[in-house]
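Descriptive structure summary
If you want the building blocks of each chain, they are given just below.
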Amino acid sequence: MDGVELFLLGRTLMKIGEEAIPAAPGEGAGRDGGARLTLVVASDIAANGETSVGEIVARTGLPQSRVSTAVARLREAGAIESAADPADRRRTLVRPASRVSDRVAAVRAADTTAALTAALAGTDPAALAEVQGALDVLARHLAPRGRA
């Protein structure tokens, strides 16, 4: 597998993961991509701990308005906490929440079987089990250390 194939596989896995995540209250089918951006921001916060919106913008390359929207969604879901920066009251610092909210617990508990089955075009159970096993191996070796 070359770098391009790995990148494309990663994009496919992201789309399957996005399909497996239950919609937030009030969010219907056909999401607008906001969930994907929110996940990118959540993973950045999980990987970097306490950080500012500007620092997230610099690391992710996302526009500040999109990062701010994602931060608001994460705060509303109880995934992160925010506070004014004591060194510069104009800046807001965000960090993973100290307690797992009901929404975050629901997202983390979401079963991926239906999304994987759809991506595999209803393939046989042995192939599904093989893919799930391969994903377990990848997660064990490559999963980020923190989660928002």
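Above: the structure in question.
What you are looking at is a predicted structure, and each value in this text was computed from that prediction instead of being measured. (Residues numbered from 1 in each chain as written. Predicted model: local features only at pLDDT ≥ 70, side-chain atom pairs only at ≥ 80, totals over all residues. Heavy atoms only, no water.)

1. Here we look at the environment of Ser68
Mapping Ser68 onto the fold places it in helix α4 (residues 64-77). A sequence separation of 54 residues divides Ser68 from Met14, and the C-alpha atoms of the two residues are 22 Å apart. (Helix = DSSP H or I, 4+ residues; strand = E, 2+ residues; numbered from the N terminus.)

2. Here's the deal with the pairing of strand β3 (residues 88-96)
In terms of strand pairing, strand β1 (residues 51-52) meets β3 through two bridges, oriented antiparallel. Bridged to Ser52 within β3 is Leu93. Strand direction decides the pairing type here: strand β2 (residues 80-85) and β3, joined by six bridges, are antiparallel. Looking across to β3, one finds that Glu81 is bridged to Arg95. Joining the antiparallel neighbours β2 and β3 is a turn of two residues. (Pairing = 2+ DSSP bridges.)

3. Some thoughts on helix α1 (residues 3-20)
Here α1 contains 18 residues, and its C-alpha end-to-end distance of 26 Å stays within 8% of the 26 Å for a straight helix at 1.5 Å per residue. Within the sequence span of α1, burial applies to Ile16, Glu18 and Ala20. Looking at the buried side of α1, the elements it contacts are α2 (34-48) and α6 (113-119). (Expected span 1.5 Å × (residues − 1). Buried < 20%, exposed > 50% of the residue type's maximum accessible area, 1.4 Å probe, protein only. Contact = heavy atoms within 4.5 Å.)

4. Brief notes about the sheet that holds β2
Pairing is antiparallel in the open sheet, where three strands are placed in the order β1-β3-β2. Sheet topology places β1 and β2 at the edges, where each strand pairs with a single neighbour. On top of the sheet, α2 reaches β1, β2 and β3; it is set at about 95° to β3, its chief contact. (Axes fitted to C-alpha atoms, helices over the stretch in contact; angles between N-to-C directions.)

5. Remarks on the pattern of salt bridges
This model, assessed by the stated rule, comprises seven salt bridges. The partner of Glu50 in a salt bridge is Arg95, and the shortest N-O contact between them spans 3.2 Å. One end of the pair, Glu50, is in the loop between α2 and β1; the other, Arg95, is in strand β3, and 45 residues separate them in sequence. Residues participating in the shared-partner salt-bridge network are Glu50, Glu81 and Arg95. (Salt bridge = Lys/Arg side-chain N within 4 Å of Asp/Glu carboxyl O.)

6. Considerations on the nonpolar core
Within the largest apolar cluster, 15 residues are counted, with the highest numbers of intra-cluster contacts made by Val41, Ile45, Ile56, Val67, Val71, Leu74 and Ile80. For this core, the secondary structure elements donating two or more residues are α2, α3 (53-60) and α4. Sequence-distant contacts of Val71, that is, excluding residues within four places in its chain, are made with Val41, Val53, Ile56, Ile80 and Val94. Counting five residues, the second largest nonpolar core, distinct from the first, contains Ile16, Ala115, Leu116 and Leu128. (Core = buried A, V, L, I, M, F, W, Y, C linked by side-chain atoms within 4.5 Å.)

7. With respect to the packing of α2 against α3
Between α2 and α3, the shortest axis-to-axis distance is 10 Å and the interhelical angle comes to 110°. The orientation of α2 relative to α3 falls into the category roughly perpendicular. Every residue of α3 that contacts α2 at Val40, Val41, Asp44, Ile45 and Asn48 is listed here: Ile56, Arg59 and Thr60. A breakdown of the residues in the contact of α2 with α3 according to their chemical character gives four nonpolar, two polar and two charged. (Parallel < 35°, antiparallel > 145°, perpendicular 65-115°, else oblique. Nonpolar A, V, L, I, M, F, W, Y, C, P; charged D, E, K, R; others polar.)

8. Here's the deal with the side chain of Ser101
Take Ser101: it is sitting in the loop between β3 and α5 (102-109). Judged by its relative accessible area of 8%, Ser101 is buried. Polar side-chain contacts of Ser101 include one of 2.5 Å to the backbone oxygen of Ala77. Once residues within four sequence positions are removed from consideration, Ser101 is found in contact with Ala77, Gly78 and Ala79. (Polar contact = N/O pair within 3.5 Å; in protein donor to acceptor, adjacent residues only side chain to side chain.)

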